[in-house]
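Each chain, written out:
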Amino acid sequence: MANLLALIHNETIKVWRKKRFAVVALVLIVLIPVFVYAQMKIAQNNASKFADWRSELQQRITDNTNALSSERIPEEWKRWRRALVQQLQYYLDHDVNPNTPNAVTFTSSFLENSVSLFIPLMVLAVASDLVSAERSTGTIKMLLTRPVRRWRILLSKWVTLILYVSLIVVATVALAYLISGLAFGYEGWGEPVFVGFEPQGSDIELGAVHAVTRGAYLLMEMGLVWFSALVVATIALMVSVLLRSTAASLVTMMAAVISGMILANMASSWHSAKYLFNVNLDLTVYLQGTPPPIEGMTLGFSLAVLGVWGAAALATAFAVFTKQDILA
Amino acid sequence: MDKTRIESDRDVILSVQGLKKNIGRKTIIRNVSFDVRAGEIFGFLGPNGSGKTTTIRMLVDLIKPTSGRVLVCGEDVNRHPELALRYVGCIVENPEMYPYLTGWENLEHFARMQEGITRERIREVVDIVQMDKRIHDKVKTYSLGMRQRLGIAQALLGSPGLLILDEPTNGLDPKGIKELREFIRKLADSGMSLFISSHLLSEIQLMCDRVAIIAGGEVIAVGSVDELVKQAGSYTLWQFDKPEAGLRLLEGSGDVAIVGDGEHRIDEALLASLPGAIVTVMDEESIPEWIERFVAAGVRILAVHKTAPSLEELFLKLTEGESVG
């Protein structure tokens, strides 16, 4: 019986040689400069308009407060703006700039913006055809007629997936930092950032607020992004086992991820939607202290929902893969 | 009697016992049983859609049988694939390898899946299939014949006691088929058992020692190839310059049966090459006498042709025999 390490070796080589990671890296290398440029324009614009960051912050607070009095804005948006105003005020009160333009803050906000769609899509590039490609090319007949139990083969594929998800998260951060550093400088690891804002109904609880360094903050974000990406990858693995065609499993997963984003934005009065995995993907909102898409969601809740979905998907994938007949 | 039974059991490398498979409500495989002995080339003959491929997939744990079992060297394939499949190399349908890896990397990939396969062994199988020149090229650049050879190399990696090949001549040119046949014979001479499926009786006849014939999801005959072929019988085709005269002579005799147009299944291409030929069933030994008789009667013979027995004919014979008996 071949050992698991050899099987993981095989799977890692296959994903690598299919150039899946190369595509992900290429997409990042093309996209990040675009965002860096946009960010740079904003920074230049602000620099010309405001004397220093304090007056800029004050202007944002005023803008958002004014918007709150408008009748036309839906209640969910108001809630979000109210929370933002409180946060900004806290930063102003403590004389801390929340948006110093540097590579670390850029990387942080890039992660926050990519966690619910961009990172899942890149993960799907690896995960969606992990099993279905073996089926559609027929290589599964060679793979499953070797003296190895099927659960070991699927386990090796899942472990490989964990490795590549980690690699994608690390590569995203590394590339975002390296590329944005060219424009903003590589400083900023030690700057303070406040965490612990707890949205309570329409208000924000400030009792637990404390400062951490930007570096620690980024690391925590990476952990959260990694976890939600891993759950997406695991569900994609299950879909890849269930559906024979790679295209079908990719489309299914993309539809799930995108519909989650839409649902989250609807900030719906449909409360039971919070048990869907796809509205829970943006774990970084809890770190930022902005209100979650649906009331009643907390970090613990989202982690539990994602964990349950991931575990169920993994169990289904193993149950089906070890028993299914390879008919064609 | 008992003693020979035990001895033949020890020689059995693959034992298929009462296989049955339902897919949905449909029964695909009704009853398939046969034994493959050590060192023999065993043919598995059946028309397309007879359950050949489903059976082969059950032999290598790609499909779980509804009931019955498959033993390789005494190990149950379904319960302990990690033990049983050590003794098996197989190519199910086409030899599909990873096109984005080189031939060598593909072999390394499959070598890692079984303990005890060294680099030397990989080099050995590459030599056996004579692929050393192209082995470091990507598989997507290979021709079908080369993929076939790489597939066989992969199947041979674990030095299996049993090699299963599903329609191995499909898509090969005549030269390739001939080489493959010689290759298979060589493997069998080295003590390996081979299990080869085909829908062509002539293929099986040329390659195999024994054969199981499957039709409608059931094995309808198992035996030595020669015996079965003899049962199939064959036709003798006569082409005369004056067909009417020839026909009259043939009809006049009691031991020649004339076969009408719709009653035989002779290859259309053959009939087209012998226009106006009269199809008969007759004793092989009487053909020289008949020729003399035609010559004496002034009927000139353009061609006499004995057909090779076809699978269809054999099926008719076998199923007829069943319904009578």
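Residues numbered from 1 in each chain as written. Chains lettered and ligands numbered in written order. Predicted model: local features only at pLDDT ≥ 70, side-chain atom pairs only at ≥ 80, totals over all residues. Heavy atoms only, no water.

Here's the deal with the packing of helix α5 (residues 103-114) of chain A against helix α10 (residues 214-242) of chain A
Residue and element names in this part refer to chain A.
Thought 1: Contact geometry for α5 and α10: axes closest at 10 Å, N-to-C directions at 20°. Taken together, the axes of α5 and α10 lie roughly parallel to each other. The crossing of α5 and α10 is left-handed. Between α5, through Val104, Thr105, Thr107, Ser108, Leu111 and Glu112, and α10, the contact on the second element is made entirely by Arg214, Tyr217, Leu218, Glu221, Met222 and Val225. (Axes fitted to C-alpha atoms, helices over the stretch in contact; angles between N-to-C directions. Helix = DSSP H or I, 4+ residues; strand = E, 2+ residues; numbered from the N terminus. Parallel < 35°, antiparallel > 145°, perpendicular 65-115°, else oblique. Left-handed = near helix turned anticlockwise from the far one by under 90°. Contact = heavy atoms within 4.5 Å.)

As for the nonpolar core
All names here are of chain B.
Thought 1: With 181 residues, the main nonpolar core has Leu14, Phe34 and Phe195 as its most contacted residues.
Thought 2: In contact with Phe34, other than residues within four places in its own chain, are Leu14, Ser15, Val16, Phe42, Phe44, Phe195, Ala212, Val219 and Val222.
Thought 3: Counting 10 residues, the second largest nonpolar core, distinct from the first, contains Leu250, Val256, Met282 and Phe294. (Core = buried A, V, L, I, M, F, W, Y, C linked by side-chain atoms within 4.5 Å. Buried < 20%, exposed > 50% of the residue type's maximum accessible area, 1.4 Å probe, protein only.)

A few points about unusual backbone geometry
All names here are of chain B.
Thought 1: The backbone of Cys73 sits at a positive phi, close to 50°, despite the residue not being glycine.
Thought 2: Positive phi values are uncommon outside glycine, yet Glu167 reaches one of about 45°.
Thought 3: For Glu167, a relative accessible area of 12% gives the class buried.

Quick word on the packing of aromatic side chains
All names here are of chain A.
Thought 1: Overall, the coordinates contain 24 aromatic pairs over all chains when judged by the stated rule.
Thought 2: Relative to Trp309, the ring of Phe277 has its centre 5.2 Å away and its plane inclined at 50°; by these criteria the two rings are tilted. Remark: Trp309 occurs in helix α13 (residues 299-323) and Phe277 occurs in the loop between α11 (246-266) and α12 (284-288); sequence separation between them is 32 residues.
Thought 3: The buried category is assigned to Phe277, whose relative accessible area is 5%.
Thought 4: Trp309 sits in the partly exposed class, given a relative accessible area of 33%.
Thought 5: Through a chain of ring-to-ring contacts, the aromatic side chains of Phe35, Phe106, Phe110, Phe118 and Phe184 assemble into a single cluster.
Thought 6: We note Arg214 situated over the ring of Tyr217; from NZ or CZ to the ring centre the distance is 5.8 Å.
Thought 7: In this structure, Lys274 is placed above the aromatic ring of Phe301, and the distance from its NZ or CZ to the ring centre is 5.5 Å. (Phe/Tyr/Trp six-rings, centres within 6.5 Å; stacked < 30°, edge-to-face > 60°. Lys NZ or Arg CZ within 6 Å of the ring centre and 35° of its normal.)

Brief notes about the pairing of strand β9 (residues 210-215) of chain B
Residues and elements named next belong to chain B.
Thought 1: The buried fraction of β9 amounts to five of the six residues, a majority that puts the element mostly inside the structure.
Thought 2: Bridge count between strand β3 (residues 41-45) and β9: four bridges; the pairing is parallel. Directly across from Phe42, in β9, lies its bridge partner Arg210.
Thought 3: Bridge count for β9 against strand β10 (residues 218-224) is six bridges, and the pairing is antiparallel. Residue Arg210 lies in a different strand from β10, and its bridge partner there is Ser224. (Pairing = 2+ DSSP bridges.)

Remarks on a negative patch on the surface
All names here are of chain B.
Thought 1: There is a patch of like negative charges on the surface, built from Asp255, Asp283, Glu285, Glu289 and Glu292.
Thought 2: Structurally, Asp283 can be placed in the loop between β13 (278-281) and α12 (287-296).
Thought 3: A relative accessible area of 47% places Asp283 in the partly exposed class. (Patch = residues over 30% accessible without salt bridge, like charges linked within 9 Å, V, L, I, M, F, W, Y side chains within 5 Å. Areas by Shrake-Rupley, 256 points an atom, 1.4 Å probe, with all protein chains shown as cover. Salt bridge = Lys/Arg side-chain N within 4 Å of Asp/Glu carboxyl O. Lys, Arg positive; Asp, Glu negative; His and termini not counted. Charge placed at Lys NZ, Arg CZ, Asp CG, Glu CD.)

Digging into the sheet that holds strand β11 (residues 236-240) of chain B
All names here are of chain B.
Thought 1: The four strands are arranged β12-β13-β11-β14 in an open sheet whose pairing can be described as antiparallel. Looking at the sheet topology across the chains shown, the edges are occupied by β12 (257-258) and β14 (301-306).
Thought 2: Where β11 lies against β13, three bridges are found, and the strand directions are antiparallel. By the bridge assignment for β13, Leu237 is matched with Val279.
Thought 3: The strands that α12 touches are β11 and β14; relative to β11, the one it contacts most, it runs at about 15°.

Some details on the domain arrangement of chain B
Thought 1: By domain assignment, chain B separates into domain 1 (2-226) and domain 2 (235-307).
Thought 2: Using only C-alpha atoms to locate each centre, domain 1 of chain B and domain 2 of chain B end up separated by 42 Å. (Domains from an automatic or database assignment.)

Some details on the UniProt feature "transmembrane region" (unreviewed entry) in chain A
Thought 1: Those residues carrying the UniProt feature "transmembrane region" (unreviewed entry) are residues 21-40, 115-133, 154-179, 224-243, 250-270 and 299-321 of chain A in this numbering.
Thought 2: Helix and strand shares over residues 115-133 of chain A are 63% and 0% respectively, and the end C-alpha atoms of the span are 26 Å apart. (UniProt positions renumbered as here; feature names shortened; annotations may be inferred.)

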